Amino acid sequence: MLCSGGGGDKNSPMITLYGFGSYFGLPDQSPLVMKTMVQLTMAGLAFDVSVTGYMNAPKGKLPYIRDGEETIADSTFIRKHIETKYGADLDSGLNDLQRVQAWTIERMVEDHLLWAITYVRWTRDENYAKACALFAAFPQAMRGSLAEPSPKRMLDGLQAQGFGRHSEEDVTELCSRSLGALSTHLGDKAYLFGERPAGVDATAFGVLACLGTDVFDTKLTRKARSFANLMAYRERMMAKYFPEFGASA
Ligand SMILES: N[C@@H](CCC(=O)N[C@@H](CS)C(=O)NCC(=O)O)C(=O)O
């Protein structure tokens, strides 16, 4: 798939973004791959998406990108790369305090709320089969040892992070605090820091896109979908960056 950044044509499409692919009505099943898709687009960079890179992921996870001779793993380092190499400041409209706030929000979303997605997909009996179907649907190039051990790795990750030790009620309560903080911060603004999206909007969108799909229906996802301004924001970001996925994703 060739994606053209909204800002135009700063480079030839020499960047390849390695993702999982489109599942569950989303541009990619991974919030962090979607984050990077949005950030590349914000930077005006054209890119190809490949779903064949998982087995070669330098840090064992996606996303990573190949930019000419360089390989950069991890969504935060990818952002640093595109800002450094292409001079694109994704927080250009933000003052110093807002930049700090944006980083704080990003950590809350990425290092806390994001785990709710893993929890919802891999610990709920009613969702586990759907999540496993994801691996079954992976292209041959992404299979190998991946299809079997990954669910276990998700559960091990949840144990290490902590959500795996809590009841669904407790995880929902913890995530409600972060969703509430995000919702209050957003208020009635179009994006987290005003009328223009900043880098952190890509992160928040990726996670809300996943929590907002009705493919995985749990107490936690219903809670997430109850934040009307966050869901409207999710739709706004989807329409802006992935119009082909429309309002129903
Ligand atoms: N800190 C990394 C985290 C990447 C990450 O957790 N990727 C997940 C998908 S959202 C993954 O590849 N999971 C598959 C696995 O662990 O096997 C980043 O920001 O890129």
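We now examine the overall build of the protein chain. When helices and strands are tallied, the protein chain shows nine helices and five strands. Going residue by residue from the N terminus, the α and β elements of the protein chain occur as β-β-α-β-β-β-α-α-α-α-α-α-α-α. Taken over 249 residues, the protein chain has a buried fraction of 38%. Long-range contacts, defined here as pairs at least 24 residues apart, represent 72% of the contacts in the protein chain between residues at least 6 apart.

All right, on to unusual backbone geometry then. A cis amide bond links L62 with the next residue in sequence, P63, at an omega value of 15 degrees. Topologically, P63 is positioned in the loop between β3 (47-50) and β4 (64-67). Although it is not a glycine, F24 adopts a positive phi angle of roughly 60 degrees. Residue position: F24 is located in the loop between β2 (15-18) and α1 (31-42). Looking at F24, the number of C-beta atoms within 10 Å reads 18, which means it is partly exposed.

We now examine helix α3 (residues 96-123). Over its 28 residues, α3 runs 40 Å from end to end, which matches the ideal 40 Å to within 8%, given 1.5 Å per residue. The axis of α3 is deflected most strongly, by about 30 degrees, at V109.

This part is about the packing of α3 against helix α7 (residues 199-212). One can describe the packing of α3 onto α7 by two numbers: an axis separation of 9 Å at closest approach and a directional angle of 20 degrees. With respect to α7, the axis of α3 lies roughly parallel. Viewed along their axes, α3 and α7 form a crossing whose handedness is left-handed. Contacts between α3 and α7 involve A102, I105, E106, V109, E110, L113, L114, A116 and I117 on the former and, on the latter, G199, V200, T203, A204, V207, C210 and L211. Taken together, the residues of the contact of α3 with α7 break down into twelve nonpolar, two polar and two charged.

Here the focus is the pairing of β2. As defined by bridge partners, β2 adjoins β3 across four bridges and the pair is classed as parallel. Pairing of T16 across the sheet is with D48, part of β3. Note on the crossover from β2 through α1 to β3: the handedness is right-handed. Pairing of β2 with β4 involves four bridges; the strand directions are antiparallel.

Criteria and cut-off values
- Residues numbered from 1 in each chain as written.
- Predicted model: local features only at pLDDT ≥ 70, side-chain atom pairs only at ≥ 80, totals over all residues.
- Helix = DSSP H or I, 4+ residues; strand = E, 2+ residues; numbered from the N terminus.
- Buried ≥ 20, exposed ≤ 12 C-beta atoms within 10 Å, placed from the backbone.
- Contact = placed C-beta atoms within 7 Å.
- Expected span 1.5 Å × (residues − 1).
- Bend = angle between axes of the 7 residues up to and from the residue.
- Axes fitted to C-alpha atoms, helices over the stretch in contact; angles between N-to-C directions.
- Parallel < 35°, antiparallel > 145°, perpendicular 65-115°, else oblique.
- Left-handed = near helix turned anticlockwise from the far one by under 90°.
- Nonpolar A, V, L, I, M, F, W, Y, C, P; charged D, E, K, R; others polar.
- Pairing = 2+ DSSP bridges.
- Right-handed = clockwise from strand over helix to strand, strands pointing away.

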